[in-house]
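Structural characterization, general
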Amino acid sequence: MKKSSTSSKQGSIIKRLLTFTTYMDSTIRRGGAVAAIRNCCFEAAFHDWLLGNSVDILSQLLLPLAGPEEFDEEDTETLPIDLQYLPDDKKREPDPDIRIMLLECLAQLCTTKPGRVYIKSKNAYIILRELHKVEKYPSVKVPLENLIQILIGDEPCQGMENLQAVAIPEPLKAKFLQSDKEEAKEIAAEENSTS
C-alpha cells in the first residue's frame, strides 16, 4: 500500500472496517476487522492519516475498551467526543484476543512521536487505566501495561522518537526475547490455573 493510495476510497474502507469494532453479533467479524486495522497500524507513514479527522481511528479503537465509568468533567472533556458520557450499561469487548489486538493497534500508533502526543492529548490513558482495574487475563494485562507505560513514561531521547526505528543491540535483543519467552510461559501457566 503506497502513501498515495490513501485516497477517499481507502478511507471509506477503513471507516467501514472501524464500524465492526463494536459489532456484537459476530466475534469473528469483529476479530477480522480489528486484525485488518491492526495491520494498517504497522505502517508508521499512515499514522497521521489514521489519527486525523478523515479516519479518526482513536475513538473506534478505544470505544470497545471503555466501560461505564464516569470521569470528572476535566477528564471527560479531553476524551474524544465518542467516548464522552457513555451509558451506564456500556460493556467492554468481551473477547480477550480482540482486546489484545486493539491494544496492539494503539501501541503501534504510539511508536511515532506525533502519534504518542496525539493519543496522550486525547486522554486515552484514563480509558486504559479503568480497563486495567477490571482486566482478568494476564495475556491482556501485559500489552495493556506496556501501552500504559508508553503513555505515562518520559519521551524517548532525541533521535529515538520513532520507536520502530530504534536499533536494539543484539545482546539486548536476545535478552528481551528470552524474557518474552519466560513471560509467555508464566502467562500460559497462570491462565491455565484460572480456567
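Parameters and conventions
- Residues numbered from 1 in each chain as written.
- Predicted model: local features only at pLDDT ≥ 70, side-chain atom pairs only at ≥ 80, totals over all residues.
- Heavy atoms only, no water.
- Helix = DSSP H or I, 4+ residues; strand = E, 2+ residues; numbered from the N terminus.
- Rg over C-alpha atoms; globule rule 2.2 N^0.38 Å.
- Areas by Shrake-Rupley, 256 points an atom, 1.4 Å probe, with all protein chains shown as cover.
- Lys, Arg positive; Asp, Glu negative; His and termini not counted.
- Charge placed at Lys NZ, Arg CZ, Asp CG, Glu CD.
- Core = buried A, V, L, I, M, F, W, Y, C linked by side-chain atoms within 4.5 Å.
- Buried < 20%, exposed > 50% of the residue type's maximum accessible area, 1.4 Å probe, protein only.
- Contact = heavy atoms within 4.5 Å.
- Expected span 1.5 Å × (residues − 1).

1. Quick word on the overall build of the protein chain
On a plain count of helices and strands, the protein chain comes out with ten helices and zero strands. Ordered by position from N to C terminus, the α and β elements of the protein chain give α-α-α-α-α-α-α-α-α-α. Computed over its C-alpha atoms, the radius of gyration of the protein chain comes to 17 Å, within 12% of the 16 Å expected for a compact globule of 195 residues. Overall size of the protein chain, expressed as C-alpha extent along the three principal axes, is 45 × 45 × 35 Å. As presented, the protein chain carries roughly 11,400 Å² of accessible surface, and 54% of it is formed by carbon and sulfur atoms. The positive charge centre, built from 24 side chains, and the negative charge centre, built from 31, are 7 Å apart in the protein chain.

2. Regarding the nonpolar core
If you look at soluble globular proteins, the nonpolar side chains tend to sit buried side by side. Counting 42 residues, the largest nonpolar core has L50, I57 and L128 as its most contacted members. Ranked by the residues each element gives to this core, the list is headed by helix α6 (residues 96-109), at eight residues.

3. Comments concerning the environment of V34
Structurally, the position occupied by V34 is in helix α2 (residues 27-41). Linking V34 and E104, residues 70 residues apart in sequence, is a C-alpha distance of 9.9 Å. Among all residues touching V34, those that are not within four sequence positions of it are T21, I98, M101, L102 and C105.

4. Description of α2
Its 15 residues give α2 an end-to-end C-alpha distance of 21 Å, which sits within 8% of 21 Å, the value for a rise of 1.5 Å per residue. Three or more residues of α2 are buried, namely R30, G31, A33, V34, I37, C40 and C41.

5. A few points about helix α8 (residues 124-134)
Counting along an α-helix, one turn takes 3.6 residues, and residues three or four places apart therefore face a common direction. Among the residues making up α8, those that are buried are A124, I126, I127, L128, E130 and L131. Where α8 is buried, its residues touch α4 (57-62), α5 (73-78), α6, α7 (113-121) and α9 (138-152).

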